[in-house]
Number of protein chains: 2
Amino acid sequence: MTVVVKLGGSVVTDKSAPETVAEDVLADLAAAIGDADLSDLVVVHGAGSFGHPVAAEHGASSTAGTRDPAAVRDISGVMERLNDAVVGALADAGVPAVPVHPCSASHRTEDGTLQFPTDALEAMLGEGFVPVLHGDVITHAGEGATILSGDEIVTHVADDFDADRVGICSTVPGVFDEDGDVVPEITDYDDVAAALGESAATDVTGGMAAKVRALLDLGAPAFVFGPDALAAFLAGEDAGTRIEG
Amino acid sequence: MTVVVKLGGSVVTDKSAPETVAEDVLADLAAAIGDADLSDLVVVHGAGSFGHPVAAEHGASSTAGTRDPAAVRDISGVMERLNDAVVGALADAGVPAVPVHPCSASHRTEDGTLQFPTDALEAMLGEGFVPVLHGDVITHAGEGATILSGDEIVTHVADDFDADRVGICSTVPGVFDEDGDVVPEITDYDDVAAALGESAATDVTGGMAAKVRALLDLGAPAFVFGPDALAAFLAGEDAGTRIEG
């Protein structure tokens, strides 16, 4: 049973204050993960108020590269600090968490394809460790370096490991329909196109529409839920919105 | 022209004080690297007073594993801090240095073989970055996690990249003969067996004998030299002891 869970950057940080960890929320999430005691668990977290402002400062996005090594150092540096906080909170909750920095292990080819061998992650799972990855800045052939989002890591790792369940812990309790109610299940993008927008062009920032499209393409059920539902998700229950294409 | 240079842990740290960077020496070495302005350069550094005491505390070596995730976090944590200092000094000297943490990218199989894909490093070199790696703790199938030495990284990366030159910047000016004089060239281990000891068993700590044996097996000339000779090595000159099998 392999489970990949993402802790949203807006969940584990205070987005209104630069480089500020949401200590209490993070401790609660870590406690839920510690209580669940899953065997093969991969944790991914987003960038929140750590990575995003620094990336924007350097003009770096998932497609716009930076050739400035200082940008790479700055972005990877703040993300290492946030990762340290997340790994620390998980460790305090008894999770055998170990840090994994994608900038050291992955890159993009010229056409933007992510190359991220997961053999080292697999070895970590085999030894009982819980690898904790994060959104990062990675080398991009011909572009310098671009941003790798936590969402992109989740789908890559879930695909590579043929994950059984994927959880996206977000600030919202699920995917909303046009009335603002949580959609219990999405099996086709058309189910929510009206609420999320039909065109990929309306979603350049990689919001909920991009998440849903990517999760529909996975070979595993994915769930988008709020912090309060993490324990239920980890217990194998449906939580928030179930997405399976 | 691909060059791999290792900055010894005893060179860049003060071995007599825990977790203390040898700031002045490090700044001088970084300046020499900045002045050299090489195109395809990989820098590796050792652990010195950062990694060694913490690894010893947790009973971890290159063969003795630890199953304690706290050990992995502690060792990788202190090494990230030393790496941050080395990358920072290189950046101050104008080197386009970016950090690479081996624990995120590599592991050992059950028989101890290092698995460390270097595609991400190659992409960094292609984009003009100088990756800066370090001795670290990595997952070891069946053993938990073991130590990966800077020396092992050097030979692995030099082999994978078919490096043109390899430099080992040590605290000593070269490999000594029985009279304490620097041997100018070693082409066979027998040249220095009397001075270094014939048996691998006398070298469990991975000292000079192990270095020389590994460097003789490389397909590139390697040099062992002191800090003062780094500029000469980077300028393409012979420095300290030349080792080529």
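Residues numbered from 1 in each chain as written. Chains lettered and ligands numbered in written order. Predicted model: local features only at pLDDT ≥ 70, side-chain atom pairs only at ≥ 80, totals over all residues. Heavy atoms only, no water.

When helices and strands are tallied, chain A shows ten helices and twelve strands. Since a compact globule built from 245 residues should have a radius of gyration of about 18 Å, the 17 Å found for chain A is in line with a globular shape. Seen through its C-alpha atoms, chain A measures out along the principal axes to roughly 45 × 45 × 35 Å. Scored against the burial criterion, the 245 residues of chain A give a buried share of 54%. The contacts of chain A with a sequence gap of at least 6 include a subset with a gap of at least 24, amounting to 71%. On chain A, roughly 9,500 Å² of surface is accessible, and the fraction owed to carbon and sulfur atoms is 45%. The average position of the 10 basic charges and that of the 42 acidic charges among the side chains of chain A differ by 7 Å. (Helix = DSSP H or I, 4+ residues; strand = E, 2+ residues; numbered from the N terminus. Rg over C-alpha atoms; globule rule 2.2 N^0.38 Å. Buried < 20%, exposed > 50% of the residue type's maximum accessible area, 1.4 Å probe, protein only. Contact = heavy atoms within 4.5 Å. Areas by Shrake-Rupley, 256 points an atom, 1.4 Å probe, with all protein chains shown as cover. Lys, Arg positive; Asp, Glu negative; His and termini not counted. Charge placed at Lys NZ, Arg CZ, Asp CG, Glu CD.)

The interface of chain B with chain A comprises 36 residues on the first partner and 36 residues on the second. Of the roughly 2,600 Å² buried between chain B and chain A, counting both surfaces, carbon and sulfur atoms make up 64%. Contact with chain A buries area across many residues of chain B, yet Arg73, Ser104 and Glu127 of chain B alone supply 23% of it, more than any other trio. Here chain B is connected to chain A by two salt bridges. With a shortest N-O distance of 3.2 Å, Arg67 of chain B and Glu127 of chain A are connected by a salt bridge. In this assembly, chain B and chain A are joined by 14 residue pairs in polar contact (both at pLDDT 80 or more). Sorting the residues of the side of chain B that touches chain A by element identifies helix H4 (69-92), strand E3 (97-99), helix H5 (102-105), helix H6 (119-126), strand E7 (136-140) and strand E8 (144-148) of chain B as the ones contributing at least two each. The element that contributes the greatest number of residues to the side of chain B that touches chain A is H4 of chain B, accounting for seven residues. (Buried area = accessible area lost by both parts, 1.4 Å probe. Salt bridge = Lys/Arg side-chain N within 4 Å of Asp/Glu carboxyl O. Polar contact = N/O pair within 3.5 Å; in protein donor to acceptor, adjacent residues only side chain to side chain.)

Before going further, it helps to spend a moment on the packing of helix H2 (residues 23-36) of chain A against helix H4 (residues 69-92) of chain A. Residues and elements named next belong to chain A. Interaxial distance between H2 and H4 falls to 8 Å at its minimum, and their mutual angle equals 50°. Put simply, H2 runs oblique to H4. Crossing hand, H2 versus H4: right-handed. Across the interface between the two elements, Leu26, Ala30 and Ile33 of H2 pack against Ala85, Val86, Ala89 and Leu90 of H4. By residue class, the composition of the contact of H2 with H4 is seven nonpolar, no polar and no charged. (Axes fitted to C-alpha atoms, helices over the stretch in contact; angles between N-to-C directions. Parallel < 35°, antiparallel > 145°, perpendicular 65-115°, else oblique. Left-handed = near helix turned anticlockwise from the far one by under 90°. Nonpolar A, V, L, I, M, F, W, Y, C, P; charged D, E, K, R; others polar.)

A separate point is the nonpolar core. In this structure, Val166 and Leu230 of chain A together with Val166, Val212 and Leu230 of chain B are the most contacted members of the largest nonpolar core, which totals 159 residues. In this structure Leu230 of chain A touches Val5, Leu7, Leu29, Ala32, Ile33 and Phe225 of chain A, once residues within four positions along its chain are discounted. (Core = buried A, V, L, I, M, F, W, Y, C linked by side-chain atoms within 4.5 Å.)

To continue, consider the pattern of salt bridges. Pairs can form between side chains of opposite charge once their charged atoms are near each other. Residue and element names in this part refer to chain B. In the structure shown here, the tally under the stated rule is 16 salt bridges over all chains. Of the charged contacts in the structure, one is a salt bridge between Glu19 and Arg81, with a shortest N-O distance of 2.8 Å. Of this pair, Glu19 sits in the loop between helix H1 (9-12) and helix H2 (23-36) while Arg81 sits in helix H4, placing them 62 residues apart in sequence. For Glu19, a relative accessible area of 35% translates into the label partly exposed. Look at Arg81 and you get partly exposed, because its relative accessible area is 47%. One salt bridge in this structure joins Arg242 and Glu185, with 3.6 Å as the shortest N-O distance. Here the residue Arg242 occupies a position in strand E12 (residues 241-243), and Glu185 occupies one in strand E10 (residues 185-186), the gap between them amounting to 57 residues. Given the relative accessible area of 22%, Arg242 is considered partly exposed. You can call Glu185 partly exposed: its relative accessible area is 43%.

Right, let's get into H4 of chain B. All names here are of chain B. Compared with the 34 Å implied by 1.5 Å per residue over 24 residues, the 34 Å span of H4 between its first and last C-alpha is a close match. With a side-chain oxygen lying 2.9 Å from the backbone nitrogen of Ala70, the N-terminal cap of H4 falls on Asp68. Once H4 finishes, Gly94 follows within two positions and takes phi at roughly 85°, a positive value. (Expected span 1.5 Å × (residues − 1).)

Right, let's get into the UniProt feature "site: Transition state stabilizer" (unreviewed entry) in chain A. Residues and elements named next belong to chain A. The UniProt feature table records "site: Transition state stabilizer" (unreviewed entry) at Lys15. Locating Lys15 in the fold gives a position in the loop between helix H1 (9-12) and H2. Sequence-distant contacts of Lys15, defined by excluding residues within four places in its chain, comprise Ser10, Gly48, Ser49 and His52. (UniProt positions renumbered as here; feature names shortened; annotations may be inferred.)

Residue and element names in this part refer to chain B. Taken in spatial order, the eight strands of this open sheet run E3-E6-E2-E1-E9-E11-E12-E10, and their pairing is mixed. Both outer strands of the open sheet, E3 and E10, are each paired with one neighbouring strand and no more. In this fold H6 packs onto strand E2 (40-45), E3 and strand E6 (130-134), with an angle of close to 145° to the strand it touches most, E6. (Pairing = 2+ DSSP bridges.)

Each aromatic ring pair is described using two quantities: the centre-to-centre distance and the angle formed by the ring planes. Residues and elements named next belong to chain A. For the structure shown, the criterion picks out four aromatic pairs over all chains. Members of the aromatic cluster, each reached through a chain of ring pairs, are Phe223, Phe225 and Phe233. Just above the ring of Tyr189 sits the side chain of Arg213; from NZ or CZ to the centre is 3.9 Å. (Phe/Tyr/Trp six-rings, centres within 6.5 Å; stacked < 30°, edge-to-face > 60°. Lys NZ or Arg CZ within 6 Å of the ring centre and 35° of its normal.)

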